[in-house]
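Structure at a glance
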Amino acid sequence: GIEQAFVDARQADPALVEDLSDIMPDGQIFVVYGFDACDPVTLIDSETLLKETTRSTALGHGACIGTPIPARKVKTVASENTEIIGEIHIAPLMSGAIPSHEIPWKSTGDCAWSDDQGRLWLMGRAREKTTVGHQTLWPYALQLSLCTLEDVSNAQVRIDSENIVVRIEKSLYA
């Protein structure tokens, strides 16, 4: 059987990870976030994801994408000093000997926040962040939250200055 599976963090809603766990009861499943398929940045195992982070995802706090892999330098850069959510920046893999102020940081275009365990929580693309009144909305985090509802297999959220449009697909196998 399959011994290990790696799932892209942007596609790894808790229901998918749970389904994979059922298919691979003795296998290891990892959720990986990276700049592209060949450049991993963070990692979290399915057991931790399902037992420790699913409730926060359901509450709209984003997707836990784990801690940076040991060879990786990662930071978040907030657009305002009052924000705890910032854009994810990564350093090249071979930047270990480069002084911090000289590292050529690369923006991923994704935004996240860091919890007290050093795990990053993906909120979505920086360009999708929307402010309505005094509230900041993240369509990706809202979609994930909706997908944790019973019988919901997929959700899409679009926000503009005047409207919030939500599309929900019901699971055929519920």
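We now turn to the structure provided with this report. (Residues numbered from 1 in each chain as written. Predicted model: local features only at pLDDT ≥ 70, side-chain atom pairs only at ≥ 80, totals over all residues. Heavy atoms only, no water.)

Topologically, Arg 72 is positioned in the loop between strand 4 (63–68) and strand 5 (74–77). Looking at Arg 72, the relative accessible area reads 7%, which means it is buried. Looking at Arg 72, its side chain comes within polar contact range of the main-chain oxygen of Pro 40, at 3.5 Å. Within the structure, Arg 72 has its side chain in polar contact with the backbone oxygen of Ala 91 (distance 2.4 Å). If we skip the residues at most four places from it in the chain, Arg 72 touches Asp 39, Pro 40, Val 41, Ile 90, Ala 91, Pro 92 and Leu 93. (Helix = DSSP H or I, 4+ residues; strand = E, 2+ residues; numbered from the N terminus. Buried < 20%, exposed > 50% of the residue type's maximum accessible area, 1.4 Å probe, protein only. Polar contact = N/O pair within 3.5 Å; in protein donor to acceptor, adjacent residues only side chain to side chain. Contact = heavy atoms within 4.5 Å.)

All chains considered together, the criterion is met by one cavity of 30 Å³ or more. Computed from the structure, the largest cavity encloses a volume of approximately 70 Å³. The wall of the largest cavity is formed by Ala 9, Ala 12, Pro 14, Val 31, Leu 49, Thr 53, Thr 54, Thr 57, Ala 63, Cys 64 and Ile 65. Going through the elements one at a time, helix 2 (46–58) and strand 4 are the ones with two or more residues in the lining of the largest cavity. Looking at the lining of the largest cavity residue by residue, the class counts come to eight nonpolar, three polar and no charged. (1 Å grid on protein atoms, 1.4 Å probe; cavity = no way out; pocket = protein on both sides within 12 Å on 5 of 7 lines; lining within 4 Å. Points joined across faces, edges and corners; volume = space filled by probe spheres on them. Nonpolar A, V, L, I, M, F, W, Y, C, P; charged D, E, K, R; others polar.)

When charged atoms on two side chains of opposite charge get close, those side chains can pair. Enumeration over the complete set of coordinates arrives at five salt bridges. Arg 167 is paired through a salt bridge with Glu 169; the nearest N and O atoms lie 3.0 Å apart. (Salt bridge = Lys/Arg side-chain N within 4 Å of Asp/Glu carboxyl O.)

Our next topic: the pairing of strand 2 (residues 28–34). With six of seven residues buried, strand 2 is to be regarded as a mostly interior element. Sheet analysis places strand 1 (residues 4–8) next to strand 2, joined by five bridges and oriented parallel. Residue Ala 5 lies in a different strand from strand 2, and its bridge partner there is Ile 29. With respect to chirality, the unit in which strand 1 leads through helix 1 (residues 14–23) into the neighbouring parallel strand 2 is right-handed. (Pairing = 2+ DSSP bridges. Right-handed = clockwise from strand over helix to strand, strands pointing away.)

Turning next to the layout of surface pockets. The gaps left among the atoms become clear once a water-sized probe is rolled over them. One number sums up the size of the largest pocket: a volume of about 360 Å³. Around the largest pocket sit 20 residues that line it, and Arg 10, Gln 11, Tyr 140, Gln 143 and Leu 144 are the ones nearest its centre. When contributions to the lining of the largest pocket are tallied by element, the ones reaching two or more residues are strand 8 (120–125), helix 3 (139–147) and strand 11 (152–159). Counting residues per element, the lining of the largest pocket draws most heavily on strand 11, at six residues. Split by residue class, the lining of the largest pocket holds eight nonpolar, six polar and six charged. What the second largest pocket holds in volume is close to 190 Å³. If you tally residues by element for the lining of the second largest pocket, the top one is helix 1, at four residues. Partitioning the lining of the second largest pocket into residue classes produces five nonpolar, two polar and five charged.

No statement about biological role is implied by the geometric values presented.
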